[in-house]
There are 6 protein chains.
Amino acid sequence: MFASYAFPGTQVSVTHLDYGPASVESEFDEAICIPDFLHKAQQAEAEGYDAVISNCFGDPGVKPARELLSIPVVGAAESSMHFAATLGQRFSVVTALPNSVPMIENLAVQYGLDRKLASIRSVNIPVLQLGDKDRLTSALQQEMIAAIREDHAHVLVLGCTGMRGVAKQLEQRLKREGYEVPVVDPTAAALKFAEALVSIGLKQSRITAMPPPEKPRTESPLFATKRT
Amino acid sequence: MFASYAFPGTQVSVTHLDYGPASVESEFDEAICIPDFLHKAQQAEAEGYDAVISNCFGDPGVKPARELLSIPVVGAAESSMHFAATLGQRFSVVTALPNSVPMIENLAVQYGLDRKLASIRSVNIPVLQLGDKDRLTSALQQEMIAAIREDHAHVLVLGCTGMRGVAKQLEQRLKREGYEVPVVDPTAAALKFAEALVSIGLKQSRITAMPPPEKPRTESPLFATKRT
Amino acid sequence: MFASYAFPGTQVSVTHLDYGPASVESEFDEAICIPDFLHKAQQAEAEGYDAVISNCFGDPGVKPARELLSIPVVGAAESSMHFAATLGQRFSVVTALPNSVPMIENLAVQYGLDRKLASIRSVNIPVLQLGDKDRLTSALQQEMIAAIREDHAHVLVLGCTGMRGVAKQLEQRLKREGYEVPVVDPTAAALKFAEALVSIGLKQSRITAMPPPEKPRTESPLFATKRT
Amino acid sequence: MFASYAFPGTQVSVTHLDYGPASVESEFDEAICIPDFLHKAQQAEAEGYDAVISNCFGDPGVKPARELLSIPVVGAAESSMHFAATLGQRFSVVTALPNSVPMIENLAVQYGLDRKLASIRSVNIPVLQLGDKDRLTSALQQEMIAAIREDHAHVLVLGCTGMRGVAKQLEQRLKREGYEVPVVDPTAAALKFAEALVSIGLKQSRITAMPPPEKPRTESPLFATKRT
Amino acid sequence: MFASYAFPGTQVSVTHLDYGPASVESEFDEAICIPDFLHKAQQAEAEGYDAVISNCFGDPGVKPARELLSIPVVGAAESSMHFAATLGQRFSVVTALPNSVPMIENLAVQYGLDRKLASIRSVNIPVLQLGDKDRLTSALQQEMIAAIREDHAHVLVLGCTGMRGVAKQLEQRLKREGYEVPVVDPTAAALKFAEALVSIGLKQSRITAMPPPEKPRTESPLFATKRT
Amino acid sequence: MFASYAFPGTQVSVTHLDYGPASVESEFDEAICIPDFLHKAQQAEAEGYDAVISNCFGDPGVKPARELLSIPVVGAAESSMHFAATLGQRFSVVTALPNSVPMIENLAVQYGLDRKLASIRSVNIPVLQLGDKDRLTSALQQEMIAAIREDHAHVLVLGCTGMRGVAKQLEQRLKREGYEVPVVDPTAAALKFAEALVSIGLKQSRITAMPPPEKPRTESPLFATKRT
């Protein structure tokens, strides 16, 4: 699916974590997926990739990876929130489970975008059940209409990268209801951000993301065996 | 120069205004350049272009053009500020004349990015004299270092689209001074934003940018003769 | 009507634009009315007026006029929002069409008053139909009560200078409903602001509103023929 | 002095407190001057005055007086901060003693104007010694220039109503230094606010300033003997 | 009741004011209770107490007392809002009468906690009638559920120190409704804050709370007779 | 050292991580210390402890632990920032290395305390070298004085839990320089917060910190072997 969004000339590789939760929908899930993400991110840089995307709406591991790598590291939430912020007065995010709502709020405030955030809603469907597209699309439509009517959202953001391939259909459904509003797909947004940064040679500031100091690290078995 | 930044397959046309100031560096300049910009933007849509860029750091005409057009309208300031916001804790903008500083501050606050803005500085060189690259680059370097040291900027943004072709050189100069920070070129940022929006099919929300109501408009001669 | 609000000794002249839209209710309308407003503002200063009011709730042309003139320039939205902010915890604005809502939000945030703004609502009546006072007053009453009950407004502001002569009647109607709240008329507020500034000799800071630099301006026919 | 600022037709009476500190320059001073101010404010309303001004830059007693009275109650700080906010991007307040700085900051944040506040500085002269105009004006000039250069103030506010009759002279001195900026006199600003509110029939919202509930009040001797 | 909350070794004395209102539920009540509170606070310090609590949710007298005393002065609202802010994304306060709502909002914004404040609601019961625990608890439960459902509160704060001994029962009632949320009792919170500050030797900064300057104070009879 | 701060009756156990970095001074360090912290936190709850403290100024693992545990989880940064916010207008944090500054800024903004934060400074000493108390105290004193003079801090916070036993000495040194300001020790602050919450029976809201959903977790070796 990534490939279908890419500009000509962009090569995308998708890797899954060896260790971590089956899906990310809590602070706990984030915490235990980050170590292996960092490992995979370092591998990607070593293999010559130009950028790394943390393709999860919690942006897990983006900040530490920016310290470790010398290529741009892009988060799906950060990219889609910034695109959304330019498309209208306020955006709402609709995510999978209510568990993730505070996490996403904390991202918005860290990204300095809380004034542009109308609300965060959830369809109350676990990530692993998002494959049922009919159920997902109906639930998203309902929450998005509520976001527009009750929370004054002008732009919508899919708040989980597992909500694949539904953005355009939702735009059409909302238009039929009288709301001609953009629906931002976070996977697509992250890819575009990464392509843009690589294209114009930008990456994270080294004053924000200083390389971690050298020192003894009694690391976990995972790190001890897999990192170089 | 636009072409050198573009992804393969992107065709860029640059048009200058028939009416307006020789450069834009005050609210007055903005006010008198917008009518013709809107005319040109409508022409571009009629000719089949996929997006329109207002390539000036005041983003003149972006909001009314979003009402008038059905294709994405992108501003150089908005695009570069959003990219900059993702690259570090805070960014500073360095513009040409002090006259533009309040205007750019007002943009940052409207875009919801004031908490990410470290400062706005100027090199105090009129736009029409920015062609002297040596003078420009030295002045920019000096203000950028002050922005880092005194205003705690972690990312720099060139605050005038007339500051062409100096971003990479400034990154190198700043690195030599010990600051490995990104310098965002607004023209490049706007092009990337436009390409990204077109690529994933996003455009302005019609709840924010409603089409102007039909009604008698005793327009200025400019509009009376040129718009359809 | 202006005269009825004025302090003894104040002389008010009202001028209409030669070029521009029949009413201002979109960013596009603002853009095309500003050039002639600037022309008229300069004329007023040349004729010896002490202050200029942009009597439209979008405050069109206020910022560039402050650069061009040496007398105070006052906006109807800015004046009424500041009065409203002192009269209670939060104010709501009720404007004519939903098209203007984002524009007014952007003004509030630029004026630094967003934390005092409860909401912006509209009666969904085009400016040119505001003459039907019964329809207007009923619609305003309904939205104002909603603003108090749902948006926690403590003060109300008429969000269009075309809503003339209804403020006091609305105060009485709201009082009958149990809400003893002020309703700010923007025309009156702007006049009082202008009279106050002239009376105590205050005008715009020249650090914010620097005079536009001299330079070639290939202006539109409108400007070419009318400005000196 | 009040009379010299007043519009024709405005009658101003100035009353001093019978109980309270010799000057107000701490939270403690405010606390002990408010009871008698409330008494005097009630007397003024009973005598038929149209508005009451708390002519001290801490705005002592303004909020409780708004609950007790049915005529507008105006504070010197609130009025001058709101005028200042419209005259430029940011204002600085220069007050008498550093003791009052946090108090004034708390006012600015309550009035929703903290984003417009550049800084609060003090000349470090007790209120009772402000009569030495030469010393005062020189000290104010110095702090105002520092506010412009270091804190990016575009507008200045005299932060004590004891700083009488120096605003215009300071504007001239600052202009000679190259800064054409307004200096707001809080006494004048409060009078203009009061005149404006009375002129257009506005007063405090009764949702914000509800009348205090009836109940037994074992009041202090002061109140027991003097209030009706 | 204080004693039941105290750590072993803490001795708590409760004093009532000799002068002031029977309860505090308006700005006016606050204004007239502060002078005697300051007197009592100074007595407490003279008698060797380690800290003073202003046990009212308006925190009356906290700021001037901090200037006068050299021991920590703690407010019930400030303490409970800060505890609440750490327990979840946002808290709502439920107070006695609507009169106090703006007062509490002003505290939240002064304490820098407005972004953590979901809402302030009231049960519309005068403080002197809070003794009817059944009525109080039912009314609180209803408003707290509304705060959770409509205002997105995650934490609740009792907004009046007269709401004694109901926090734990409300936590249980809310849990039965499906909401496992903390309910903060302001008296308990203030005591814990005071004990903590004394235990680790912290008190108010003397840059914020400078001692009031020496000067003539023609004080009210109350002060004249009772303070040393 | 914890014991010396504790109230009578409080029993404190300190555990070190088996896996993780030798010190925490980067986002990377945080990421790799959290998994084992969560393990230890779960053990502590199983062993009957009443609260868990993450005694590091980055508050690593606090959010996921709040999801996993049913006892209060307290962070050293969150506790000390909230105490500091009540002691004066603004606080500055002085941490060990500049690497941690953005991390701490992100915490302040998430905790809703950014308006109370004057600045974050660092002594530029690695955590593992903080044992040299003379060097540490001198460096802290210097940065704290700069924070007061240049950043307008009124309260100081030690921004690393490795800065042990120096708070009181710094208060004395600053007092000698003319600044009577509190210096908050984060370890002490966290202990007091934990004791307070346990004492009055408060813990994290389950709307903010929902228990992580049950699902397959292919966890890292560390988790696979050590968690029950």
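Residues numbered from 1 in each chain as written. Chains lettered and ligands numbered in written order. Predicted model: local features only at pLDDT ≥ 70, side-chain atom pairs only at ≥ 80, totals over all residues.

Caption draft 1: Broad picture of unusual backbone geometry. The phi dihedral of A:N124 is positive, around 60 degrees, even though this residue is not glycine. Position of A:N124 relative to the elements: it lies in the loop between β5 (117-122) and α6 (133-151). For A:N124, a count of 12 C-beta atoms within 10 Å translates into the label exposed. Phi is positive for B:D59, close to 50 degrees, though the residue is something other than glycine. Position of B:D59 among the secondary structure elements: in the loop between β2 (52-54) and α3 (62-68). (Helix = DSSP H or I, 4+ residues; strand = E, 2+ residues; numbered from the N terminus. Buried ≥ 20, exposed ≤ 12 C-beta atoms within 10 Å, placed from the backbone.)

Caption draft 2: Fine view of the relation of the copies chain A and chain F. Taken as rigid bodies, chain A and chain F are interconverted by a rotation of 180 degrees and an axial shift of 0.0 Å, the fit giving an RMSD of 0.0 Å. Such a turn and shift between the copies fits a two-fold axis. Looking at the interface residues of chain A, 100% of them are also at the interface in chain F, so both copies use one shared face. (Least-squares fit on C-alpha atoms with pLDDT ≥ 70 in both. Contact = placed C-beta atoms within 7 Å.)

Caption draft 3: Local environment of the sheet that holds β5(A). All names here are of chain A. Ordered in space as β5-β4-β6-β7, the 4 strands form an open sheet in which the pairing is parallel. The open sheet terminates on both sides in strands that have one partner only, identified here as β5 and β7 (183-184). Bridging between strand β4 (residues 91-95) and β5 involves 5 bridges; their strand directions are parallel. Across the sheet, residue V94 finds its bridge partner in β5, namely R121. Here helix α5 (residues 101-110) sits on the sheet in contact with β4 and β5, set at roughly 160 degrees to β5. Against the sheet, α6 contacts β4, β5 and β6 (155-158), and its axis sits at roughly 150 degrees relative to β5. (Pairing = 2+ DSSP bridges. Axes fitted to C-alpha atoms, helices over the stretch in contact; angles between N-to-C directions.)

Caption draft 4: Local environment of the packing of helix α6 (residues 133-151) of chain E against helix α7 (residues 167-176) of chain E. All names here are of chain E. The geometry of α6 relative to α7 is characterised by a closest axis approach of 10 Å and an angle of 50 degrees between their N-to-C directions. If you check the angle between α6 and α7, you find them oblique. Considering the relative orientation of α6 and α7, their crossing is right-handed. Contact with α6, carried on its side by T137, L140, Q141 and M144, involves Q169, L170, R173 and L174 of α7 and no other residues of that element. Class assignment for the residues of the contact of α6 with α7 results in 4 nonpolar, 3 polar and 1 charged. (Parallel < 35°, antiparallel > 145°, perpendicular 65-115°, else oblique. Left-handed = near helix turned anticlockwise from the far one by under 90°. Nonpolar A, V, L, I, M, F, W, Y, C, P; charged D, E, K, R; others polar.)

Caption draft 5: Quick look at the domain arrangement of chain A. Residue and element names in this part refer to chain A. When the domains of chain A are assigned, the result is domain 1 (2-75 + 191-201) and domain 2 (77-188). Once you take the C-alpha centre of each, domain 1 and domain 2 turn out to be 21 Å apart. Taken together, the contacts link 17 residues of domain 1 with 20 residues of domain 2. Elements supplying a minimum of two residues to the side of domain 1 that touches domain 2: α1 (2-5), β3 (73-75) and α8 (186-199). The element contributing the most residues to the side of domain 1 that touches domain 2 is α8, with 3 residues. A per-class count over the side of domain 1 that touches domain 2 returns 8 nonpolar, 5 polar and 4 charged. (Domains from an automatic or database assignment.)

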